[in-house]
Structures are given as structure tokens and as C-alpha cells.
Amino acid sequence: MAQVSLNNVSKTYPGNIQAVKNIYLGVESKELLVLVGPSGCGKSTTLRMVAGLEQATEGEIYIGDRLVNDVPPKDRDIAMVFQNYALYPHMTVYENMAFGLKLRKYSKKDIVERVNEAAVMLGIKHLLNRKPKELSGGERQRVALGRAIVRKPLVFLFDEPLSNLDAKLRVQMRIEINKLHIRLQSTMIYVTHDQVEAMTMGNRIVVMKDGLIHQVDDPITLYNKPVNQFVAGFIGSPPMNFINGRIIKKDGKWNFDEGNFQVRIINDMIPSIMSYEGKEVLLGIRCEDIYDKLFVSDAPPENTITAQVEVIEPMGSEVYLYMNTGKHIFTARVGGNNRPVVNQEIDLVLDMSKVHFFDKDNEKTIV
């Protein structure tokens, strides 16, 4: 397997439209790296430049030790899996999987062995004589994966391959691709706009916006230590709550003042927040770090707020509450044994050890 390196890579389209802006990115050998971000962030363009389907305007792209900027896609030793499967409708599953090998003049014996090996691995051996129109979406995507696997490339590239599948199939295929990565021990770059896919699949995740890389980290670090407000809000479902307020010092204690409530800032955070005294900041907190006071023993009063229930979403083992403080709407995730009603005012406890503070001007994480 091979490393992939992008050094100061940019892509500018006619009209001076910058899709990717001077990015540096290294993909380790045998790593599954996920590029994630909203539509138009540059993730698919980045993948297509690695594949050779787009020409980089600036910078260098290496696959292994080889500079591939001027190498045609067919000679880069990569295999790509697309969103729309890209299967030949007039060919059988076997013929689709074997087609690339025939073009490369593999022997009939090698083709049979590789196709059968991949078909068994993907559980589609019984489908080899069928045509794509006779397959379900999940089966077609397995065929597309099989066509990539038989090549045994240096790098696998996935461009939103699960977008056309229903929710249940997406979960199944996520598991299958993870299993394949473990079994093949191959280098994979995977593009998605779905942060759940990114969190569950990537060894590391690259978060992009407006053609820039905002953070590259493993999923847990990305979730717990976002570098800015965009990453914090994009990663996590439901997204992080953001509440506007001021940092104030009262009776020797540091507090966050929303206007309708105040909460105490823990000692570990004070050194980072002191320079913001009297200034507006954003407090970020995830829904699972907000608790119903009724179910918290010894709830600290200085971290307790009162809010009104606007919407209730029962999810079985848990309940999402959309709460209104009078100034802000935020989401709390509480246990399924909670039985609040709409318009009820309830006391909630914020876990202040889990909050994040963001600078309002540059949106960077303060603490």
C-alpha cells in the first residue's frame, strides 16, 4: 500500500473560482481517511485531483514516492468507487468486475481467480450472472466495490458511495467497507457530507469548508476538542448548541451570563477566559451534556438553568427536548424515562466541564 501526499495543492476554475485553497494533507499507508464537509467545500474536487480526473492548478500530488500531477488516471494505480455505481448495464456482474482486468491484459485464469475472490468477500458470488438492472441498490454498490477490489490498487478512492442508499443499507454498507479496510489493509480516501459516516468510518477525519482544511484528527479528538465553531457545529448529531453571552466576574467568581441565566465557569477554564472579561463569547455545549435536574443528585445550583419545552422528540431510550430560555433555543438529550410536556418549564443542569467557549470574532476555540 502507499502513502498519499498533497503539498500546497489548489484548484481554481475559470472565473477565478477557488474550489481548493493551498491544502497540505498526508494520508498514511493502510489508513482510511475521510474528507467531510458541506456541499461545495472542495472535498470531491480534492479526491478527483488525487484520481487525476481534475488537474491541480498549483501544488504537488504524490502517490507513494511518485509525483503524479501529469500521470493519467489509468496509470496512477488507484481504483475509484462512485456515488452512481457507474456499472455497464449491458454487462453481467462478472463482466463488470472483470472489465478493467481485461483491458490490462490479465490472463483469463487470473481474472477468474480475482473476480471470484472479491465476489466471495462481498457475498455476491450468486449474482455474477445477473445484470445491474436485476440488482438492488446495495447489491449494485457491492459490485462497484468488487470492481475496485479486483484491481488490487495502491489506493482506493470513494466519492460519496452510499448517498443513493436508504438509511438501513447505508449502515450495512458502512460496516462492509470497514470490514474490507481491515481485511485488505489498504489505503483508502473516502468523501462524504454525512458526519455520522465520517465518525464511524475514519481512522482520521479531514473537516473542510470553503476549500480549506479546518481540522484533521481522529474522530474522538475531533468531537471533544474542535478547533473552531464550524468544526464543533458540523461534527455531532444533533449539532452542538451555541449560546451567546458575556464573561463576567462577580463576587470573585467567573460566570457566563446569557442574560436570562448565569452559569459558573470551572477553575480549569479561568486562565483561558480571563482576557474576555466583559466581552461577548459563544458557549458551546452538546445535548448529551445537559441533564434534567430531577435525575441528577447533588446538582450544583450555580450550573442550573430554567427553560421552557417547545418540542419533544421521543426516540425510545432517549428523548430530545428543544428548549427556550427566552433568548436562545437549544437541544437537550435526556433519558427515555423523562415525561415532560410542551410549554412546561423544567430545570436543567449544564455539565460545565464539557462546555466550549468560542471567540465571536474569529470563531476559534478559546477553551
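In what follows, the structure referred to is the one given above.
Asks: Could you clarify how one ought to interpret the packing of helix α4 (residues 137-149) against helix α5 (residues 167-184) in this entry?
Replies: Describing two packed helices takes the angle between their axes plus the distance from one axis to the other. One way to put it is that α4 packs onto α5 with a least axis distance of 11 Å and a crossing angle of 15 degrees. Taken as axis vectors, α4 and α5 run roughly parallel relative to one another. Between α4 and α5 lies a crossing whose hand is right-handed. Residue-level contacts link Gly 138, Gln 141, Arg 142, Leu 145 and Ile 149 of α4 to Leu 169, Met 173, Glu 176, Ile 177, Leu 180 and Leu 184 of α5. Classifying every residue of the contact of α4 with α5 gives seven nonpolar, two polar and two charged.

Asks: Is there a simple way to explain the side chain of Arg 151 in this structure?
Replies: Inspection of the secondary structure puts Arg 151 in the loop between α4 and β7 (155-159). Asp 77 is the oppositely charged side chain nearest to the buried, salt-bridge-free Arg 151, at an N-O distance of 4.5 Å. Only 2.9 Å separates the side chain of Arg 151 from the backbone oxygen of Ile 78, close enough to count as a polar contact. Not counting the four nearest positions on each side in its chain, Arg 151 is found in contact with Asp 77, Ile 78, Ala 79, Leu 101, Arg 104 and Arg 114.

Asks: Would you mind going over helix α2 (residues 93-103) with me for this structure?
Replies: In an α-helix, one turn spans 3.6 residues; hence positions three or four apart end up facing the same way. Residues of α2 that are buried include every one of Val 93, Asn 96, Met 97, Ala 98, Gly 100 and Leu 101, and no others. Residues of α2 that are buried sit in contact with α3 (108-122) and α4. In the stretch just after α2, Lys 105 is the one whose phi turns positive, near 65 degrees.

Asks: Got a minute to help me understand the pattern of salt bridges in this structure?
Replies: Close approach of charged atoms allows side chains with opposite charge to pair. Summed over the entire model, instances satisfying the criterion amount to 12 salt bridges. A salt bridge links Arg 333 to Glu 318; its shortest N-O distance comes to 3.6 Å. Taken together, the residues Arg 333 in strand β18 (residues 329-335) and Glu 318 in strand β17 (residues 318-324) connect sequence positions 15 residues apart. Taking relative accessible area as the criterion, Arg 333 reaches 25% and is therefore assigned partly exposed. The exposure class of Glu 318 is partly exposed, given its relative accessible area of 24%. Ionic pairing is found between Lys 354 and Asp 351, a salt bridge with its closest N-O pair at 3.9 Å. Judged by relative accessible area, Asp 351 falls into the buried class, the value being 18%. Connected through salt bridges with shared partners, the residues Lys 11, Arg 48 and Glu 54 form a single ionic network.

Cut-off values and rules
- One numbering rule holds for all chains: residues counted from 1, following each sequence as written.
- Residue-level local features of this predicted model are given only where pLDDT is at least 70; pairs of side-chain atoms are given and counted only at 80 or more, and the full residue set underlies all totals for whole chains, interfaces and linings.
- As a rule here, side-chain values come from all non-hydrogen atoms in the structure, and water together with hydrogens is ignored.
- Interaxial angles span 0 to 180 degrees and are taken between N-to-C directions of axes, which are lines fitted to C-alpha atoms, for helices over the stretch in contact.
- Each helix is a run of H or I in the DSSP string that is no shorter than four residues. Each strand is a run of E no shorter than two, and both are numbered from the N terminus.
- Oblique is the label for any angle not covered by the other classes, which are roughly parallel (under 35 degrees), roughly antiparallel (over 145) and roughly perpendicular (65 to 115).
- Helix crossings are classified by the rotation of the near helix relative to the far one: an anticlockwise turn of less than a right angle makes the crossing left-handed, while a clockwise turn makes it right-handed.
- Should any heavy atoms of two residues lie within 4.5 Å, those residues are counted as being in contact.
- We call Asp, Glu, Lys and Arg charged. Ala, Val, Leu, Ile, Met, Phe, Trp, Tyr, Cys and Pro are nonpolar, and the rest, Gly among them, are polar.
- Burial classes follow relative accessibility: with a 1.4 Å probe on protein chains only, a residue under 20% of its type's maximum area counts as buried, one over 50% as exposed, and anything between as partly exposed.
- Under this rule, positive means Lys or Arg and negative means Asp or Glu; His and the chain ends count for nothing.
- Whenever a carboxyl oxygen of Asp or Glu lies within 4 Å of a side-chain nitrogen of Lys or Arg, that contact is scored as a salt bridge.
- Under this definition, polar contacts are N or O atom pairs within 3.5 Å; protein pairs additionally need one hydrogen-donor-capable and one acceptor-capable atom, and for neighbouring residues in sequence, both atoms have to be side-chain atoms.

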